[in-house]
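The residues making up each chain are set out below.
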Amino acid sequence: MSEFFHQYFDFHYMGEHFWEVFEAFLQNLLIFAVVAVLALTWGLVLALLRQLPGKKFVPVRFVTIAYIDLFRAIPILIVILLISGGIPFLEFIPKDIRIPHWFGKPDPFWYGVAALMLVYGAFTAEVYRAGIEAVPGGQMEAARSLGMSHWQAMRHIVVPQAVTLIPAPMLNEMISLLKDSTLVSVIAFSESVLISRELLAESFNSSALLLTGVFFIVIILPLARVVDKLIARNQGKITRGSHIEVA
Amino acid sequence: MVEAMVSLQGIHKRFGELEVLKGVDIDVGRGEVVCILGPSGSGKSTLLRCVNLLEPPEEGEIFIEGHDICKGPGSGSGQESWELDFVRRRVGIVFQQFNLFPHKTVLQNVTLAQERVLDRSKQEARAKATELLERVGLSEKLSEYPARLSGGQQQRVAIARALAMDPHVMLFDEVTSALDPELVKEVLDVMRELAQEGMTMLVVTHEIGFAREVADKVVFMDGGVIVEQGKPADVLDNPREERTQKFLGLVLER
């Protein structure tokens, strides 16, 4: 039994490598922050393209839906490996772009960011879509009847209401994203899981990996409670039958 | 004969297999108030929504101030056409469910489209909105959100919102049907005043009293066609058709 504890709960070992693992964990938070901004934007663009009305936008809607379906179906790990194992060899792309070293970050960081953005853009697009479709159709009709264009109606009337309906499911996506930032370890970017595995390989001790897990739990557990609160708040609104209010 | 403000000719509208409008003709003269009555499912709301192309008709012609706004079947499906701009800037509509923007204040509800569509300055839009909201008796509610207002107040904001665009024609789609009985009068009063000022109005309603008093012409619809139309005194008090008699009997019995 003490062997078990020693393997996973070697506090001395954890203390010795705490800052090393912590700094690597900050890299996970950095990946998360960059991708969150990009994916939330990209997802909204996709959702808006998907909602374009009329016959002439059928091709746009088709391509958008195909994109969203494809990137929700393909495992992120495969996307990461395909990008990092393919893009660098496409010689028609300028070298600064196919092997990016922007803002002092190595190319695996950017390959990981790109892969996560492509996939999470598809997932967040579906969340936005749920919000947009939950706004009563009369809102679009009223806006259009006042002479607003489809874009004006989306921008001023529909989207501002839609985003107040979706914080809970969107936060869920963000929690997933934070955890999936560890997948970038497979292309040798030094984030927390990669560092912990190196420590494991070197010392045959899993405590660093467990410490990494604890970092994630400490960040995510409070967020999970926030999701619960948001859901309860929305439920309250629905049962009271009142309109959403935003300042 | 004065040129008709709105002229509907042979309007047909289908939803899949269901033919909701089977050839409807109505003329509305400048400054006229036309009330459309009929049982639910008779196609009267659909007809109204055809006039501002929320539901483009499949067949028939709609003239607004002499301009044909649907050039041939299916032309409205593009949704960004010249016709749409033309119509939406001349025709205002008020809905049964108000459809106020819940995330905007009363004032913003009335100024938003003025600024975005008519390019009015903030001051201009605000002045216009304040004047209209005063006219409908809501000058104290400018900074409230719609959820804080009663149904009658919300509907009056909706009327002010539509009027702010300086429409030449106003459409009213059962605007009192979702209101508590004691709130109906305040909305009808605003509409009555509007009619007296000479606004051209096309009103789908169940308020027989309002139609009798305000309408220049009453149209009774059933099953997607016009059963009879004429002066309120004729249609409402001496209906010729059996279906009209039956409907009025049921409504007036209440």
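## What to know about the overall build of chain B
No. 1: The helix and strand tally for chain B stands at 9 helices and 10 strands.
No. 2: On C-alpha atoms alone, chain B measures out to a radius of gyration of 18 Å, which is about the 18 Å that the 2.2 N^0.38 rule sets for 254 residues.
No. 3: Taking the principal axes of its C-alpha atoms as reference, chain B extends roughly 50 × 45 × 40 Å.
No. 4: Out of the 254 residues belonging to chain B, those deemed buried represent 57%.

## Considerations on the interface of chain A and chain B
It is common to report an interface's size as the accessible area lost on association of the parts.
No. 1: Taken together, the contact pairs 25 residues of chain A with 26 residues of chain B.
No. 2: Summed over both sides, the interface between chain A and chain B buries roughly 2,400 Å², with carbon and sulfur atoms accounting for 58% of that surface.
No. 3: By the criterion of area lost to chain B, the three top residues of chain A are R144, S145 and L146 of chain A, representing 26% of everything that side buries.
No. 4: Between the two partners, chain A and chain B, sit 1 salt bridge.
No. 5: Residues E141 of chain A and R49 of chain B are paired through a salt bridge, measuring 2.5 Å at the closest nitrogen-oxygen approach.
No. 6: Counting across the interface, chain A meets chain B through 8 residue pairs in polar contact (both at pLDDT 80 or more).
No. 7: Breaking the side of chain A that touches chain B down by element, the ones donating at least two residues are helix 7 (137-145) and helix 8 (150-163) of chain A.
No. 8: When the residues that make up the side of chain A that touches chain B are grouped by side-chain class, the tally is 9 nonpolar, 10 polar and 6 charged.

## Topic: the packing of aromatic side chains
No. 1: By the definition in use, this model includes 19 aromatic pairs over all chains.
No. 2: Between F18 of chain A and F22 of chain A the ring centres are 6.1 Å apart and the planes differ by 5°, which places this aromatic pair in the stacked class. Placement of the pair is F18 of chain A and F22 of chain A together in helix 2 (residues 11-50), with a separation of 4 residues, close to one helical turn.
No. 3: Given a relative accessible area of 26%, F22 of chain A falls into the partly exposed group.
No. 4: Through successive ring pairs, a cluster of aromatic residues spans F18, W19, F22, F25, F215 and F216 of chain A.
No. 5: Across the ring face of F101 of chain B, the terminal group of R161 of chain B is positioned such that the distance to the ring centre comes to 4.5 Å.

## Overview of a negative patch on the surface
No. 1: There is a patch of like negative charges on the surface, built from E20, E23, E198 and E202 of chain A.
No. 2: Only helix 2 and helix 10 (192-203) of chain A provide two or more residues apiece to the negative patch.

## Concerning the pattern of salt bridges
No. 1: Tallied over the full model, the rule gives 26 salt bridges over all chains.
No. 2: The partner of R50 of chain A in a salt bridge is E126 of chain A, and the shortest N-O contact between them spans 3.0 Å. Taken together, the positions of R50 of chain A in helix 2 and E126 of chain A in helix 6 (residues 107-134) put the pair 76 residues apart, joining distant regions of the chain. Each member of the pair, R50 of chain A as well as E126 of chain A, carries the same accessibility label: buried.
No. 3: The shortest N-O distance in the salt bridge between E213 of chain B and R192 of chain B comes to 2.8 Å. Linking E213 of chain B in helix 7 (residues 208-214) with R192 of chain B in helix 6 (residues 181-196), this pair joins segments that are 21 residues apart in sequence.
No. 4: Members of the salt-bridge network, linked through shared partners, are R50, D69, R72, E126, R129 and E133 of chain A.

## Details of the sheet that holds strand 6 (residues 91-94) of chain B
Two pairing modes exist for strands in a sheet, parallel and antiparallel, and in both the strands are linked by backbone hydrogen bonds.
All names here are of chain B.
No. 1: Spatially, 6 strands are ordered 6-7-8-3-9-10 in an open sheet, and the strand pairing comes out mixed. The outermost strands of the open sheet, each flanked by one partner alone, are strand 6 and strand 10 (225-230). Sheet twist, expressed as the average angle between the axes of neighbouring strands with direction ignored, equals 15°.
No. 2: Sheet topology note: the strand 9 (residues 217-222)/strand 10 ladder contains 5 bridges and is antiparallel. Each bridged residue has a counterpart across the sheet, and for V218 the counterpart in strand 10 is G230.
No. 3: Helix-sheet contacts for helix 6 involve strand 3 (33-37), strand 7 (169-173) and strand 8 (200-204), and the interaxial angle to strand 8 is about 145°.

## Section: the packing of helix 3 (residues 106-117) of chain B against helix 5 (residues 151-163) of chain B
Residues and elements named next belong to chain B.
No. 1: Orientation of helix 3 relative to helix 5, taken along the N-to-C sense of each, is 25°, at an axis distance of 8 Å. One element, helix 3, and the other, helix 5, form an angle in the roughly parallel class. Seen from above, helix 3 lies across helix 5 with right-handed handedness. Residue-level contacts link V106, N109 and V110 of helix 3 to V157, A160 and R161 of helix 5.
No. 2: Across the contact of helix 3 with helix 5, the residue classes tally to 4 nonpolar, 1 polar and 1 charged.

Cut-offs used in this document
- Residues numbered from 1 in each chain as written.
- Chains lettered and ligands numbered in written order.
- Predicted model: local features only at pLDDT ≥ 70, side-chain atom pairs only at ≥ 80, totals over all residues.
- Heavy atoms only, no water.
- Helix = DSSP H or I, 4+ residues; strand = E, 2+ residues; numbered from the N terminus.
- Rg over C-alpha atoms; globule rule 2.2 N^0.38 Å.
- Buried < 20%, exposed > 50% of the residue type's maximum accessible area, 1.4 Å probe, protein only.
- Contact = heavy atoms within 4.5 Å.
- Buried area = accessible area lost by both parts, 1.4 Å probe.
- Salt bridge = Lys/Arg side-chain N within 4 Å of Asp/Glu carboxyl O.
- Polar contact = N/O pair within 3.5 Å; in protein donor to acceptor, adjacent residues only side chain to side chain.
- Nonpolar A, V, L, I, M, F, W, Y, C, P; charged D, E, K, R; others polar.
- Phe/Tyr/Trp six-rings, centres within 6.5 Å; stacked < 30°, edge-to-face > 60°.
- Lys NZ or Arg CZ within 6 Å of the ring centre and 35° of its normal.
- Patch = residues over 30% accessible without salt bridge, like charges linked within 9 Å, V, L, I, M, F, W, Y side chains within 5 Å.
- Areas by Shrake-Rupley, 256 points an atom, 1.4 Å probe, with all protein chains shown as cover.
- Lys, Arg positive; Asp, Glu negative; His and termini not counted.
- Charge placed at Lys NZ, Arg CZ, Asp CG, Glu CD.
- Pairing = 2+ DSSP bridges.
- Axes fitted to C-alpha atoms, helices over the stretch in contact; angles between N-to-C directions.
- Parallel < 35°, antiparallel > 145°, perpendicular 65-115°, else oblique.
- Left-handed = near helix turned anticlockwise from the far one by under 90°.

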